[in-house]
Amino acid sequence: NLTGPFYAVLGLFLLYRFLRYYVRPIPALITCTLIFTGTNVYYYATGDAFMSHIYSFFLFALSLYATRKYTDKGYSFKWAIVLIFSVLMIVLIRPTDFLFVLFLPFLNFRGWKPVGEFLHSFLSLKKIAAVIVLFILIFGPQMAYWKFAHDSFLTYSYGNEGFDNLTSPKIAEV
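Residues numbered from 1 in each chain as written. Predicted model: local features only at pLDDT ≥ 70, side-chain atom pairs only at ≥ 80, totals over all residues. Heavy atoms only, no water.

S.K.: I'm lost on the overall build of the chain in this one. Help?
M.R.: The helix and strand tally for the chain stands at 8 helices and 0 strands. Going from the N terminus to the C terminus, the chain shows its helices and strands as α-α-α-α-α-α-α-α. For the chain, the spread of C-alpha atoms along the three principal axes comes to 45 × 40 × 40 Å. The proportion of buried residues among the 174 residues of the chain is 34%. Residue pairs in contact within the chain that sit at least 24 positions apart in sequence constitute 64% of those at least 6 positions apart. Treating the 14 positive side-chain charges of the chain as one cloud and the 8 negative ones as another, the clouds have centres 21 Å apart. (Helix = DSSP H or I, 4+ residues; strand = E, 2+ residues; numbered from the N terminus. Buried < 20%, exposed > 50% of the residue type's maximum accessible area, 1.4 Å probe, protein only. Contact = heavy atoms within 4.5 Å. Lys, Arg positive; Asp, Glu negative; His and termini not counted. Charge placed at Lys NZ, Arg CZ, Asp CG, Glu CD.)

S.K.: Whenever I open this one, helix 5 (residues 77-93) confuses me. Can you help?
M.R.: Since the α-helix packs 3.6 residues into each turn, any two residues three or four apart lie on the same face. Taking 1.5 Å of rise per residue, the 17 residues of helix 5 would be expected to cover 24 Å, and the 24 Å separating its terminal C-alpha atoms lies within 8% of that figure. For helix 5, the set of buried residues is Trp79, Ala80, Leu83, Ile84, Ser86, Val87, Leu88, Ile90 and Val91. Looking at the buried positions of helix 5, the neighbouring elements they touch are helix 4 (53-72), helix 6 (98-101), helix 7 (112-120) and helix 8 (125-150). (Expected span 1.5 Å × (residues − 1).)

S.K.: What am I meant to see in the packing of aromatic side chains here?
M.R.: Working definition: an aromatic ring pair is given by the centre-to-centre distance plus the angle between the planes. Scanning all chains against the criterion turns up 17 aromatic pairs. Ring centres of Phe109 and Trp112 lie 5.4 Å apart, and the angle between their planes is 80°; on these two criteria the pair is classed as edge-to-face. By relative accessible area, Phe109 is classed as partly exposed at 44%. Judged by relative accessible area, which is 62%, Trp112 ranks as exposed. With a centroid separation of 4.7 Å and an interplanar angle of 15°, the aromatic rings of Phe135 and Phe139 are classed as stacked. (Phe/Tyr/Trp six-rings, centres within 6.5 Å; stacked < 30°, edge-to-face > 60°.)

S.K.: Mind showing me how you'd approach the nonpolar core here?
M.R.: Soluble globular proteins: nonpolar side chains tend toward being buried together. Counting residues in each nonpolar core, the largest one holds 43 residues, and the members touching the most others are Leu15, Ile54 and Leu83. If you list the elements that add at least two residues to this core, you get helix 1 (3-19), helix 2 (25-38), helix 3 (41-46), helix 4, helix 5, helix 6 and helix 8. In terms of residue count, helix 4 provides more of this core than any other element does, 11 residues in total. Beyond its immediate chain neighbours, meaning those up to four positions away, Ile54 contacts Gly4, Tyr7, Ala8, Val41, Tyr44 and Ala45. (Core = buried A, V, L, I, M, F, W, Y, C linked by side-chain atoms within 4.5 Å.)

It is worth stressing that arrangement in space is one thing and function is another; only the former is reported here.
This is the structure we're talking about:
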């Protein structure tokens, strides 16, 4: 299966390009190397590419890079499409990763005014239409499948699993 390594390399490349906005080439390369070798990125790229983790890694890197390009290019429509696509795919693949999306307006934090400008930039009719169209294209097939398989447009895939140990941690036993 070559999809895992492909998306890992692409994700690392995008992460490197993103990091280059903030640091020199060598620290950016070292950071990407450490992320690849010191986390589960290598494992999910080569050993378990059927899990969603490596694809989420790629989408996270894409959204970081697209957010930076979107702000640098004066809130261009092209980069808005890339950013919207990556965010919707992140949420589709793992809905709880929506928490990461909340961080994106603060990515290049220089005060509250740029954050407001970033959020306000999505209020144009053209970008709202893009969000709606991409949402239908990305979530539509999944929601149609859920309706067919579970008779509901939304499905909680974790079943009866929960956070039962949250109120009674077993840290001492580990």
